[in-house]
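Coordinate inspection notes
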Amino acid sequence: MEFGCCPDIEIPLVKCSTGGGQEFSECCTRYQQKVFAVKRERQRERHHRGLAARCIKNMAATEEATSEGYVATKANITRISNEGSLSFEETGISNEGSISFEEGLKHVHFGDEVVVRECPTDRLYRDDTNESAMDMIEAYKKECNSMKVKPINKVLEQLAKLDKLSTPIDTLDLKSCRLDNRSCEALEAVLSRMHMSTLDMERTGLEDDGMIALCEMVEFYQCATRLNFTGNPKLRARAWFFLGKMLKKVDFVEMVDVRQCSLDEQALTSMLRALRANCTLSILHLEGNNLSGKGIFILMAAMKFNENLKELYLGSNRILPEDCQNIGNILRTNHTLIHLDLRDNSIQNAGLRCVCAGIAEQQTGLLSLNLATNGISPEGMHHIAVMLPCTKSLQDINLSNNRVGDYGMMMSKLSLLANRSLLKLTLCNSRITCEGAIALAEYVAESKTLEQLDLRDNDIRIAGLLALALAYKMNYKLYRLTMPRTIKIDPVFFCIRINPLYTLQLHLAG
């Protein structure tokens, strides 16, 4: 039986008695037009209700005449009255099957198979206490056979080590395993039964369909909170769109790692829509994607509306000084980001000025800043010196592999003393000699907060070590000092004899 849509009801125009034969719409007042429109709408609604009544009557007659029968739900009847039409394609009823409803669960029967269309959230996991690891292995092998793919040995080895399926594991490691689309589909037998903290798919050769399938499994089964897609350059904008769509829907994913995935502008825009929608993501790794220019602009525009992201990693993205203007503007207004990693870029002194200016205007916010390997010269330390007295939250600064030099240390000494929040200072391979170490020792002696100091790969001799040892005598907070192995005297004995009441973790690096 087939019910077609009714044609629109045609109501003739009324001639005005005083208008000389002119049409109603041309001579009547606005109030009269509204009254006429209401009458026409009421007439259309009466027609729709009549159509709905006829549909119900015809379906009841059909159910009595056939042994199979068709079931119409209250939702379908409501939709009939609203839309004025009914078709079997819209209701999901076919000549070969039937629909049955239970409380909280809906099944569509096609012969001997059952396709679940809706499932309550409390049944997402298959937490069968009687199911063992061997049962999961057999289910995974059976799924692989149906997909006509070979089971992944690395997965079988990890499943064999499981004790209880109800206990979440730390990581499901799929690193360097070849995952084609069918292999990803076969993993549903595992992901539907396991809980894990991290799903590691680094360098697995993922393609769009495979990643889409995995994202849908993670969304449905809620099986992982951290997703690692590192080193999958074959993924295109379609896959990243589905990842962003998933992140907007769920509230349990904490970390996404997409390092070295060759993200272009379209892919980045598709994925960062979730960030713009203020999803619950707190850690985002974007290293090695060449985001300089338009990529940084897109990212910062998305972060403008985000209040949940806490850690952002942008290392090895060829970021230039002009890109740092956008970064500095976000740092001025963002108070939730606590860790910013800009290592292995080329921000130089001009970019450092923008970043430091943004941090200086924060009241609370950033706790850790990594500026290693960015071409910063001694003159650039002036911007660090201006920022340090202003910030009240920054606790960790990494300036390794920059040309800080002795002049940079002497320039920033007074600012370091004025700062009251810094806990860790890393200056590996910063071209510091004894003169710079002496200036640093003056800061260490008077600091009330510094706990860790790293001076590896610097040419510091006995004079610099002596100054640091004397400074340590007056500092009771410093507990870890990492020094280069460029001296002939035993530094451990030297430091402990001066201050025997406090233990210092002195590490020597060659």
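Our structure's up above, just so we're on the same page.
Residues numbered from 1 in each chain as written. Predicted model: local features only at pLDDT ≥ 70, side-chain atom pairs only at ≥ 80, totals over all residues. Heavy atoms only, no water.

Looking at the side chain of Ser192
Here Ser192 shows up in the loop between α8 (188–191) and β5 (196–200). You can call Ser192 buried: its relative accessible area is 1%. Polar contacts involving the side chain of Ser192 include one to the main-chain carbonyl oxygen of Glu188, which spans 2.8 Å. (Helix = DSSP H or I, 4+ residues; strand = E, 2+ residues; numbered from the N terminus. Buried < 20%, exposed > 50% of the residue type's maximum accessible area, 1.4 Å probe, protein only. Polar contact = N/O pair within 3.5 Å; in protein donor to acceptor, adjacent residues only side chain to side chain.)

Remarks on the packing of aromatic side chains
Under the criterion given, the structure shown has two aromatic pairs. When the centroid spacing of 5.0 Å and the interplanar angle of 90° are considered together, the rings of Phe220 and Tyr221 count as edge-to-face. Look at Tyr221 and you get buried, because its relative accessible area is 7%. When the centroid spacing of 5.8 Å and the interplanar angle of 90° are considered together, the rings of Phe241 and Phe242 count as edge-to-face. (Phe/Tyr/Trp six-rings, centres within 6.5 Å; stacked < 30°, edge-to-face > 60°.)

Brief notes about the nonpolar core
With 124 residues, the main nonpolar core has Leu243, Leu312 and Leu314 as its most contacted residues. The element contributing the most residues to this core is helix α9 (residues 208–221), with seven residues. Ignoring any residue separated from it by four or fewer positions in sequence, one finds Leu312 in contact with Leu284, Leu286, Leu299, Met300, Met303, Leu337, His339, Leu340 and Asp341. (Core = buried A, V, L, I, M, F, W, Y, C linked by side-chain atoms within 4.5 Å. Contact = heavy atoms within 4.5 Å.)

Digging into the pairing of β5
For β5, the tally of buried residues reaches four of five residues, placing the bulk of the element in the interior. As judged from the four bridges shared by strand β4 (residues 169–173) and β5, these two strands associate in the parallel manner. By the bridge assignment, Thr171 is partnered in β5 with Thr198. Alignment of β5 against strand β6 (residues 224–228), held across four bridges, turns out to be parallel. What sits directly across from Leu199, in β6, is Leu227. Regarding the hand of the β-α-β motif, the stretch spanning β5, α9 and β6 is right-handed. (Pairing = 2+ DSSP bridges. Right-handed = clockwise from strand over helix to strand, strands pointing away.)

Describing the state of the cysteines
As enumerated under the stated definition, the model contains zero disulfides in all. As a non-bridged cysteine, Cys354 has Cys324 as the owner of its nearest cysteine sulfur, 6.3 Å distant. (Disulfide = S-S within 2.5 Å.)

Quick word on the environment of Cys261
Among the structural elements, Cys261 can be located in the loop between β7 (255–257) and α11 (265–276). Taking the C-alpha atoms as reference points, Cys261 and Gly288, 27 residues apart in sequence, are found 7.7 Å from one another.

Overview of the pattern of salt bridges
Applying the stated criterion across every chain, the model contains 13 salt bridges. Of the charged contacts, one joins Glu219 and Lys249 as a salt bridge, the two residues approaching to 3.8 Å between their closest N and O atoms. Residue Glu219 is located in helix α9, and its partner Lys249 is located in helix α10 (residues 237–249); the two are separated by 30 residues in the primary sequence. On the basis of relative accessibility, which here comes to 27%, the residue Glu219 falls in the partly exposed class. Residue classification places Lys249 among the exposed positions, given a relative accessible area of 54%. A salt bridge links Asp454 to Arg456; its shortest N-O distance comes to 2.8 Å. Look at Asp454 and you get buried, because its relative accessible area is 11%. Classification of Arg456 by relative accessible area gives partly exposed; the value is 33%. Within the structure, one salt-bridge network assembled from shared partners comprises Lys175, Glu202 and Arg203. (Salt bridge = Lys/Arg side-chain N within 4 Å of Asp/Glu carboxyl O.)

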